[in-house]
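Summary of the model geometry
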Amino acid sequence: MIRTSFNDGWQFRPKVNPFAELGGHSVPYREVTLPHDAMLEQERQPHGEGANAYFPGGAYEYRKTFLVPEELRGKRVIVEFEGVYRDATVHINGDYAGQRPYGYSRFTVVADPYLRHGQDNEIRVEARSHQDSRWYTGAGIYRDTWLLVGEVVRIVPDGVRVSTPDVEAGRAVTEVVTTIANDSIAIRTAELTTTIRDHAGNVVAVETAPVTVLPGETTSARHRLHVRTPSLWSPGSPYLYTCHVTLGDLDAETVTFGIRKLQLDPEHGLRINGEGHKLRGACLHHDNGPLGAATHTRAEERRIQLLKQAGFNAVRMSHQPMSKAMLHACDRHGMLVVDETFDMWTSGKHPFDYSLAFPEWWERDVEAMVAKDHNHPSVIMYSIGNEIPETGTPAGAALARKLAEKVRALDGTRYVTNAVNTMLAVMSDLAELRQQQEQPGINTAMADAGDMMNAIAASDLVTRRTAEAYAMLDVAGMNYADSRYAPDGEAFPNRIILGTETFPTRIAHNWALVEQHGHVIGDFTWTGWDYLGEAGIGRPQYGELDRRAFTAAYPYLTAGCGDLDITGHRRPVSYYREIVFGLREQPYLAVWRPEHHGEPFVGTPWAWSDAIASWTWPGFEGAPITVEVYAAADEVELLLNGRSLGRAPAGLKTVFEAVYEPGELVAIAYRDGVETGRNVLRTASDAVRLHAEADRPEITATCGDLAYVALTLTDAGGTVHTAADRPVSVEVSGAGELIALGSADPSTEERFDAVRRRTHEGRALAVIRPTGPGKIRLVASAEGCPPAEIVINVQQERS
């Protein structure tokens, strides 16, 4: 089918009661371009929910008028939605055409029965969100839309599925299954040709055969093609092929895929093409920070690129199916994927969440996820759920088996896991759980919630209650249960374990277990990238831990627990993790904020520390200050303005106490007495400059491309001035528009859709969408700084 973007020309407004409109209460529509996050435009509510970053719920209405030419009469016309949050209903020319309760599933609506050919038509989409999630979801049509047009005999959407069941040195068998529909009243036969091309466009395999489809039926045609001396896909070499399928002169479809072989066993763990791989994993929520939930192709790719640069080789989309754009980025950049279905089954976690629709819709939503993922070599595993309370009950285990076997029936080439929170799995048996808690070592009053969760995870109660749930999986997913890693290797010799969600503060301990045990294949931190909602779970706290609320009070906005902040800037924990992974030789310096020196730090297990990479602390001259040095070395030495402050044994993290004085702070790492690397922090001078830098000098006028412009306060030498924050104003002209302006400030009342934003620790970020080919001019200004100007070239979309 011919696929064209359907993102332009939409109008949007909050949904209005039709009776109120009759009474004269009318809310005007305004023009929007998809993808669009309706929730991000709302005013946050101080007395709302921290889970959703204090954004309110609501009901929203979109409409679009589009011309349907007379020549489309008799053809099949389908509208595809990659994601509408949530409880979407679709009407075409006033008639109900379809719906989808789940906010993360791609779905299609057959439009041709409702169309008026030769004239304008109207499509209207409603979406609603209200107390239905534990994190910021966004709302509305937040992913791309497409118009698909085809003949009555055609390849169905997602109708080309490629797998590589037999891969050996020097050859690979590629199996291509094409699904064809015949909506005519006659038997139809056509030549089906499958062509595989390498990255350079050379034909490496081809097969042609006739296929016959009976009237009113759908059939699948299978071609097995042999590729000689294939280039294999792997995280280090993400080689992609294209598969082009033609159905006579009726239809054509092209997909990309990779040739790779997966193996899994408790001795060698996960192997890709015969090579062992430990998963250096990041859990991710779906929002794009300043863009909210709006899923732009470039935003998804940028996240994957920056995560890969930070040392991750795998991502777990938490806790819903990943976008198509991110899957394509993972394929191209060699990022492994654990794609997840649901955060709830039949037991709700919020009053109006998906559990209300799960019994009727779960099979269709699983089918949608697998159909989306099937051709992506980056996807190695499906997760059938996250922290599902039913997991520990017999009925829940039976339901889990249905989900697991459904996934396997749809795609037997990947592995199946379930991210089990063992504490939740036994919550239904509160009496026995309380008895367990009274035993030594299990105490709900523990200062570290992670210790409590680990103690419960190791209990006999959990072992019994999770036995069936784990036995049905290819990989036992464990959230915050590293206490089970080693003993389960002996108690369950066939069990393979993945840390599907772990505390960032425990990465050194966890990674040692991953490297020590073959049956433990990786660790996924919560979380790789900071996100909106679950406000303040990783916030720094001093004195006494606030146990009254899981989230922080308004105006907290972000969780504050990502290795990268919401703008994509790496935080100190990211460099520590890179060192733990063995990927960084140089040490790294982080300095605690001196205003809290001497106060006990009592953050949650999701809180790393209150340190940043800065040696600019005006007003604290002569004051005591704490310095952390991260290094994989025997010893580390700290120098201040050329004076040694000491040389100490290194233990991944070494803490020095110093007195602040401006100048240059240097950390030097030694192994066997020889310097292996150094890291330097310098005090920024008083002269503050505003610097603007685009992530790429040239972008394309294609659907989904964006320009990211980092706005930084620096001194003349380029040192970031973390203590000179001030508002920055941005003006964009030419072939682009400003769609977001933000910072990583975790607690703020500022909006992302404004043209003025205060920097946070010297940084802000502008996001620009191209409106056509030409040049984009950005001018940024801040008090006391000369204006900063850059020009970005926008090229015509490449065919």
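The structure under discussion appears in the preceding block.
Scope of this entry: the structure provided in the associated data block. Predicted model only: the values in this text are computed from it and were never measured. (Residues numbered from 1 in each chain as written. Predicted model: local features only at pLDDT ≥ 70, side-chain atom pairs only at ≥ 80, totals over all residues. Heavy atoms only, no water.)

Scanning all chains against the criterion turns up 61 salt bridges. The salt bridge partner of K372 is D373, with a shortest N-O separation of 2.5 Å. In this structure, K372 and D373 share a single accessibility class: buried. With its nearest N and O atoms 3.5 Å apart, the salt bridge here joins E585 to R671. One end of the pair, E585, is in the loop between α13 (572-580) and β31 (588-592); the other, R671, is in strand β37 (residues 664-671), and 86 residues separate them in sequence. (Salt bridge = Lys/Arg side-chain N within 4 Å of Asp/Glu carboxyl O. Buried < 20%, exposed > 50% of the residue type's maximum accessible area, 1.4 Å probe, protein only. Helix = DSSP H or I, 4+ residues; strand = E, 2+ residues; numbered from the N terminus.)

Another aspect to go through is the sheet that holds strand β5 (residues 76-81). Reading across from one edge, β1-β10-β5-β8 is the order of the 4 strands in this open sheet, with antiparallel pairing throughout. For this open sheet the edge positions go to β1 (2-5) and β8 (107-110), each flanked by a neighbour on one side alone. Strand-to-strand twist of the sheet, defined as the mean angle between neighbouring strand axes without regard to direction, takes the value 25°. Judged from the 4 bridges that link them, β1 and strand β10 (residues 145-150) form a sheet pairing that is antiparallel. (Pairing = 2+ DSSP bridges. Axes fitted to C-alpha atoms, helices over the stretch in contact; angles between N-to-C directions.)

Between its first and last C-alpha atoms helix α5 (residues 394-410) spans 25 Å; for 17 residues at 1.5 Å apiece the expected length is 24 Å, and the two agree. When α5 is considered as a whole, its buried residues turn out to be G396, A397, L399, A400, L403, A404, K406 and V407. Of the surrounding secondary structure, the elements contacted by the buried residues of α5 are α4 (358-373), β26 (379-386), β27 (415-421) and α10 (467-471). (Expected span 1.5 Å × (residues − 1). Contact = heavy atoms within 4.5 Å.)

A few words on the packing of aromatic side chains. Counted by the stated rule, this structure contains 34 aromatic pairs. Pairing Y104 with Y142 gives two aromatic rings, centres 6.5 Å apart and planes at 80°, and the pair type is edge-to-face. On the criterion of sequence distance, the pair formed by Y104 in the loop between β7 (95-100) and β8 and Y142 in the loop between β9 (119-129) and β10 is long-range, its members being 38 residues apart. Residues Y104 and Y142 agree in their burial class; the two are buried. Pairing W608 with Y630 gives two aromatic rings, centres 6.1 Å apart and planes at 75°, and the pair type is edge-to-face. (Phe/Tyr/Trp six-rings, centres within 6.5 Å; stacked < 30°, edge-to-face > 60°.)

Judged by nonpolar contacts, the single largest core of 114 residues is most densely connected at W10, Y62, F81, I123 and V315. The contact partners of W10, leaving out residues within four places of it in the chain, are R30, E31, V32, L34, Y62, R63, K64, F81, I123, V125, I141 and T145. Of all hydrophobic cores here, the second largest spans 33 residues; its members include L240, L279, Y531 and W606. (Core = buried A, V, L, I, M, F, W, Y, C linked by side-chain atoms within 4.5 Å.)

Attention shifts here to the environment of E31. Along the chain, E31 turns up in strand β3 (residues 30-32). A relative accessible area of 55% places E31 in the exposed class. Taking the C-alpha atoms as reference points, E31 and R63, 32 residues apart in sequence, are found 9.7 Å from one another. Sequence-distant contacts of E31, defined by excluding residues within four places in its chain, comprise W10 and Q11. Here Q11 takes part through its side chain, which lies 3.0 Å from a polar atom of the side chain of E31. (Polar contact = N/O pair within 3.5 Å; in protein donor to acceptor, adjacent residues only side chain to side chain.)

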